[in-house]
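# Fold and contact review
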Amino acid sequence: MALVSRVSGFSSCSASSHFRKAKTFGFNPICSLNCTSSSSSSSSSPFTEKHSIERYQRDSWVYNTKLEDASSSCNLPFDSNSVRENDIALQLPELKKMLEVLREKRESGGCDGGQGSCGPGNVYLVGTGPGDPELLTLKAVKVIRSADLLLYDRLVSNDVLEFVSPDARLLYVGKTAGYHSRTQEEIHELLLSFAEAGATVVRLKGGDPLVFGRGGEEMDFLQNQGIQVKVIPGITAASGIAAELGIPLTHRGIANSVRFLTGHSRKGGTDPLYVAENAADPDSTLVVYMGLSTLPSLALKLVHHGLPSNTPAVAVERGTTLQQRMVFAELKDLADEISSAELVSPTLIVIGKVVALSPFWPHSSREASLLVEAKSAFEDQS
């Protein structure tokens, strides 16, 4: 199988446009990509922002370009699609070269692909938690340090990436609203190509890889191609952030279940994909991932389905990191409070009576005492 040609055609329907020769703009190519390196939101983020200088320094091997020579001025009119195409075109030669090196290493070690004496490498889907590197599992750290190549998402924190071996290669494949550095299909092909060449490939994802991380899709694709996939779970944002705020996601007599919901709108609109009527259960806790833009619509639907408008809620930006910010409010006021505070992605939203049990809940005096009374009454009956 032609591994290099596979990388050359990540997206079979548009390979010619994605991998045409990089455009020449008359200045350093890194500058043509790094048009937001000076933004305050990017520099203060604990995560890898799409065009941050940290990203290009980390991935400099794949551009074969000296970042220190990059100009601080950017003259390229910003267009996410042209930036993405130029980015991929710049990376392609080094990706091909790495594949060739891996193939030669296997053959020199006695692996003859024609005789099938050596199998493919392993792929690990590794969850890195919500951001705090101390929440990594020991197994995750071990696998991260053993990798040849790591494909990492935007929400893998910069601190977590400090565990990567200096001999390993990092490649950013993150996605944000309006800009996908790689399509999901291209990520699949990258994982497959390098695994087939015998590399130990680690796919780093924020939180848990199988909770709104599309890890299931990657696992299914690779297993269908004969590649062994191992999943290293991570602390999902719901658990990590709730613990940070002292919010029990379930609590006897107050919340007997918890539901994780994506607030993402597939078409990029303001309406969440789906809100079931039973998501508005007042005796359950609702945790919304990726719900900033759709929260106003979501809140209206929840109230329409019967959830009290004064239900306690909290929105947490960049939870468990040093840049964490949070907004507590009743459900009816939460969207306005988020807007006033100018919270940005990633922000997790928790809705339910258990939020009032947090020591940070500002309306704690009467509401918390009522919850405790309700809990005590439940315990007396059980």
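Residues numbered from 1 in each chain as written. Predicted model: local features only at pLDDT ≥ 70, side-chain atom pairs only at ≥ 80, totals over all residues. Heavy atoms only, no water.

Turning our attention to the overall build of the chain. If you tally the helices and strands in the chain, you get 13 helices and 12 strands. Put simply, the chain has 382 residues, and 49% of those count as buried. For the chain, restricting intrachain contacts to residue pairs at least 6 apart in sequence, the fraction spanning at least 24 positions comes to 73%. For the chain, the exposed area adds up to about 17,800 Å²; of that, 50% sits on carbon and sulfur atoms. (Helix = DSSP H or I, 4+ residues; strand = E, 2+ residues; numbered from the N terminus. Buried < 20%, exposed > 50% of the residue type's maximum accessible area, 1.4 Å probe, protein only. Contact = heavy atoms within 4.5 Å. Areas by Shrake-Rupley, 256 points an atom, 1.4 Å probe, with all protein chains shown as cover.)

Before going further, it helps to examine the packing of aromatic side chains. One pass over the structure, following the stated rule, counts five aromatic pairs. The structure contains a cluster of three or more aromatic residues connected by ring pairs, namely F212, F260 and Y289. (Phe/Tyr/Trp six-rings, centres within 6.5 Å; stacked < 30°, edge-to-face > 60°.)

So, about the nonpolar core. Core analysis: the largest hydrophobic core is formed by 28 residues, its most contacted members being V123, L171, F194 and L222. Secondary structure elements with two or more residues in this core: α6 (80–108), β1 (123–127), β2 (149–152), α8 (184–196) and α9 (215–224). Per element, the largest residue contribution to this core is six residues, and it comes from α8. Excluding anything up to four places from it in sequence, L222 contacts V123, H188, L191, L192, I227 and V229. (Core = buried A, V, L, I, M, F, W, Y, C linked by side-chain atoms within 4.5 Å.)

Mapping D208 onto the fold places it in the loop between β6 (201–205) and α9. Given the relative accessible area of 12%, D208 is considered buried. Setting aside chain neighbours within four positions, we find D208 in contact with G127, P233, G234, I235 and T236. In terms of polar contacts, D208 uses its side chain to reach the backbone amide nitrogen of G234, at 3.0 Å. (Polar contact = N/O pair within 3.5 Å; in protein donor to acceptor, adjacent residues only side chain to side chain.)

Right, let's get into helix α10 (residues 237–245). What α10 keeps buried is the set A237, A238, G240, I241, A242 and L245. Its buried side turned inward, α10 meets β8 (257–262), β9 (284–289), β10 (312–317), β11 (325–330) and β12 (347–351).

What follows covers the packing of α8 against α9. Interaxial distance between α8 and α9 falls to 10 Å at its minimum, and their mutual angle equals 45°. When the axis of α8 is compared with that of α9, the two are oblique. Pair α8 / α9 crosses with right-handed handedness. Between α8 and α9, the residues in contact are Q184, I187, H188, E189, L191 and L192 and E217, E218, F221 and L222, respectively. Its residues assigned to classes, the contact of α8 with α9 comprises five nonpolar, two polar and three charged. (Axes fitted to C-alpha atoms, helices over the stretch in contact; angles between N-to-C directions. Parallel < 35°, antiparallel > 145°, perpendicular 65-115°, else oblique. Left-handed = near helix turned anticlockwise from the far one by under 90°. Nonpolar A, V, L, I, M, F, W, Y, C, P; charged D, E, K, R; others polar.)

We now examine the confidence of the model for the chain. Mean pLDDT for the chain: 81, with 74% of residues reaching 70 or above. Here residues 1–43 scores under 50 on pLDDT; set against residues more than four positions off or in separate chains, the count is 98 contacts. Of the regions scoring below 50 in pLDDT, residues 66–77 engages in 20 contacts with residues more than four places distant in sequence or in other chains. (pLDDT = per-residue confidence, 0-100.)

Judged by pairing direction, the sheet is parallel, and its five strands sit side by side in the order β3-β2-β6-β1-β7 without closing on themselves. Since the sheet does not close on itself, it has two edges, and those belong to β3 (169–172) and β7 (229–232), each with one partner. Each strand of the sheet is rotated relative to its neighbour by a mean of 20°, with strand direction disregarded. Note that β2 and β6 share four bridges and pair parallel. Note on β6: the bridge partner recorded for L150 is V202. Running at roughly 135° to β1, helix α7 (residues 138–146) makes contact with β1, β2, β6 and β7 of the sheet. Packing against the sheet, α8 makes contact with β1, β2, β3 and β6, and its axis sits at approximately 150° to β6. (Pairing = 2+ DSSP bridges.)

In spatial order, the strands read β8-β9-β12-β10-β11; together these five strands make up an open sheet with mixed pairing. At either end of the open sheet lies a strand with only one pairing partner, and these are β8 and β11. Taken over all neighbouring pairs, the strand axes of this sheet differ in orientation by 15° on average, direction set aside. As defined by bridge partners, β10 adjoins β11 across six bridges and the pair is classed as antiparallel. By the bridge assignment, P312 is partnered in β11 with E330. Docked against the sheet, helix α12 (residues 331–341) engages β10, β11 and β12, running at close to 150° with respect to β11.

To continue, consider the pattern of salt bridges. Inspection of every chain in the model, using the stated rule, returns 11 salt bridges. As a salt-bridge pair, R203 and E218 come within 3.2 Å of each other at their nearest N and O atoms. Of this pair, R203 sits in strand β6 while E218 sits in helix α9; the two residues are 15 residues apart in sequence, bridging distant segments of the chain. Grouping residues by exposure puts R203 and E218 together as buried. Residue E317 is joined to R325 by a salt bridge in which the shortest nitrogen-to-oxygen separation is 3.0 Å. According to the relative accessible area criterion, E317 is buried, its value standing at 3%. Residue classification places R325 among the partly exposed positions, given a relative accessible area of 35%. (Salt bridge = Lys/Arg side-chain N within 4 Å of Asp/Glu carboxyl O.)

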